[in-house]
Amino acid sequence: MSLLEEADETTDALPAVPAGASDDDALLEVRSVRSGYGNLPVLHGVDLAIRRGQTAVLLGLNGAGKTTTAQNICGSLRTWSGTIAFDGQDTTHWSTKRCVDAGIVMVPEGRRVFPELNVAKNLQVGAWSQRRDRAWVDEQLEQVLDYFPRLRERLGQLAGTLSGGEQQMLAIARGLMARPRLLIIDEASMGLAPVIVKDVFDIVRRINADGVTVLLIEQNVGALEVADVGLVMERGRVVRALTGDELRDRTAVSEALMG
Ligand SMILES: Nc1ncnc2c1ncn2[C@@H]1O[C@H](COP(=O)(O)OP(=O)(O)OP(=O)(O)O)[C@@H](O)[C@H]1O
Ligand SMILES: [Mg+2]
């Protein structure tokens, strides 16, 4: 038997690729992640994959573990077991700074801006790791302000005096200043009027069209309108992935959310 034939035989003998196994197109791949706070477990084996260029929406009721999942992905909470891979690299135990440098950027819940700093300074903070490269920061600022004309008009205004919607825009804009490859936005729509929510989702759509992969964490099922994939989280696990027609099917979505 030739070596090639032998190799073929060996390949045939391998088991079929298991469901949920490595996805070559995945930019982010989370496998069997367990994590929690102190010794309280919250994530009981989270599995999810987001492909390059997708917008994914992570849905789930209060306390399902959405924010905890995001914190594991961006390096701000220790992963107890399981793996996280970003662009083919094992990032499971990377620091937040290393994750940001690799392009994983999170806009946290509660639109945390620096109220005592003006809009321009808040944006500069987002480009902290590039701060010595003035040209880089200016170019990035120009690009980011293209998405947010309202912020351009308010560069000198103290962030604490912006409206809720404007503060959310600023929080997203600050995240974009780091030039993310994966932008995670935690509950962007919370507490905003529907018309502002629509603006936020429209901007997310543009950001995504410009090549940034997006993970939206939402309780607002309206976010599914911008989604390529909807991931339903329940008690520390992703229990369903909705794609295609399922995403626009409100009944399917409600059923998935209610278990
Ligand atoms: N810092 C913390 N210390 C202890 N427990 C925490 C902490 N943060 C979250 N938890 C607990 O972890 C569980 C999951 O919380 P998490 O914030 O991930 O949920 P979520 O899906 O983001 O919910 P929400 O939609 O309300 O933001 C909850 O039971 C919560 O009480
Ligand atoms: Mg949360």
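Residues numbered from 1 in each chain as written. Chains lettered and ligands numbered in written order. Predicted model: local features only at pLDDT ≥ 70, side-chain atom pairs only at ≥ 80, totals over all residues. Heavy atoms only, no water.

Draft legend 1. Molecular detail of the overall build of the chain. A count of helical and extended segments in the chain gives 10 helices and 10 strands. Over its C-alpha atoms the chain spans a radius of gyration of 20 Å, differing by no more than 12% from the 18 Å that the globule rule assigns to 259 residues. Each of the three principal axes of the chain carries a C-alpha extent, and together these read 75 × 45 × 40 Å. Going through the 259 residues of the chain one by one, you find that 47% of them count as buried. (Helix = DSSP H or I, 4+ residues; strand = E, 2+ residues; numbered from the N terminus. Rg over C-alpha atoms; globule rule 2.2 N^0.38 Å. Buried < 20%, exposed > 50% of the residue type's maximum accessible area, 1.4 Å probe, protein only.)

Draft legend 2. Broad picture of the packing of helix H7 (residues 164–176) against helix H8 (residues 194–209). Running from amino to carboxyl end, H7 crosses H8 at an angle of 15°, the nearest separation of the two axes being 10 Å. In terms of axis orientation, H7 runs roughly parallel to H8. H8 is crossed by H7, and the crossing has right-handed handedness. Taking contact as the criterion, the partners of Gly165, Met169, Ile172 and Leu176 in H7 are, on H8, Ile196, Asp199, Val200, Ile203 and Ile207. Here the contact of H7 with H8 is composed, by residue class, of 7 nonpolar, 1 polar and 1 charged. (Axes fitted to C-alpha atoms, helices over the stretch in contact; angles between N-to-C directions. Parallel < 35°, antiparallel > 145°, perpendicular 65-115°, else oblique. Left-handed = near helix turned anticlockwise from the far one by under 90°. Contact = heavy atoms within 4.5 Å. Nonpolar A, V, L, I, M, F, W, Y, C, P; charged D, E, K, R; others polar.)

Draft legend 3. Region of interest: the environment of leucine 182. Tracing the chain through its elements places leucine 182 in strand S7 (residues 182–186). By relative accessible area, leucine 182 is classed as buried at 0%. When the C-alpha atoms of leucine 182 and arginine 52 are compared, they prove to be 8.8 Å apart, with 130 residues separating the residues in sequence. Discounting chain neighbours no more than four positions away, the residues touching leucine 182 are Leu27, Leu28, Ile73, Phe86, Gly103, Ile104, Val105, Thr213, Val214 and Leu215.

Draft legend 4. Seen up close, the coordination of the magnesium ion (ligand 2). Taken together, the protein donors to the magnesium ion (ligand 2) comprise Thr67 (OG1) and Glu109 (OE), at separations of 2.0 to 2.7 Å. One end of the pair, threonine 67, is in helix H2 (residues 66–73); the other, glutamate 109, is in the loop between strand S6 (104–107) and helix H4 (119–126), with 42 residues separating them in the sequence. Glutamate 109 gets classed as partly exposed once you look at its relative accessible area, which sits at 28%. (Donors = N, O, S within 2.8 Å, 3.2 Å for Na, K, Ca; no water.)

Draft legend 5. Local environment of the nonpolar core. One finds Phe148, Ile172, Leu183 and Leu216 to be the most contacted residues of the largest nonpolar core, which totals 48 residues. Each residue touching phenylalanine 148, except ones within four places of it in the same chain, is listed here: Met169, Ile172, Ala173, Leu176 and Ile203. In this structure, Leu58, Ile84, Met106 and Leu182 belong to the second largest nonpolar core, which totals 30 residues. (Core = buried A, V, L, I, M, F, W, Y, C linked by side-chain atoms within 4.5 Å.)

Draft legend 6. Quick look at the packing of H4 against H7. Two elements in contact, H4 and H7, have axes separated by 7 Å at closest approach and are oriented at 35°. Judged by the sense of rotation from one axis to the other, the crossing of H4 with H7 is right-handed. Note on element contacts: H7 touches H4 through Leu170, Ala173 and Arg174, opposite Val119, Asn122, Leu123 and Gly126. For the contact of H4 with H7, the residue count by class is 4 nonpolar, 2 polar and 1 charged.

Draft legend 7. Quick peek at the side chain of serine 189. Inspection of the secondary structure puts serine 189 in the loop between S7 and H8. Among all residues touching serine 189, those that are not within four sequence positions of it are Val197, Phe201, Glu218 and Asn220.

Draft legend 8. Up close: the packing of aromatic side chains. Throughout the structure, instances matching the rule amount to 1 aromatic pair. Between tyrosine 147 and phenylalanine 148, the aromatic rings sit 6.4 Å apart at their centres with planes inclined by 70°, giving edge-to-face as the arrangement. Phenylalanine 148 carries the same exposure label as tyrosine 147, and that label is buried. (Phe/Tyr/Trp six-rings, centres within 6.5 Å; stacked < 30°, edge-to-face > 60°.)

Draft legend 9. Geometry of H2. With respect to burial, H2 is a largely interior element, 7 of its 8 residues being buried. Considered for burial, the residues of H2 that qualify are Lys66, Thr67, Thr68, Thr69, Ala70, Asn72 and Ile73. The first or second residue beyond H2 is glycine 75, which carries a positive phi of 80°.

Draft legend 10. Structural view of the sheet that holds strand S2 (residues 40–51). Ordered by their spatial adjacency, 4 strands build an open sheet running S2-S1-S4-S5, and the pairing between neighbours is antiparallel. The open sheet terminates on both sides in strands that have one partner only, identified here as S2 and strand S5 (89–90). In terms of strand pairing, strand S4 (residues 81–86) meets S5 through 2 bridges, oriented antiparallel. From the neighbouring strand, phenylalanine 86 faces S5, where its bridge partner is glutamine 89. (Pairing = 2+ DSSP bridges.)

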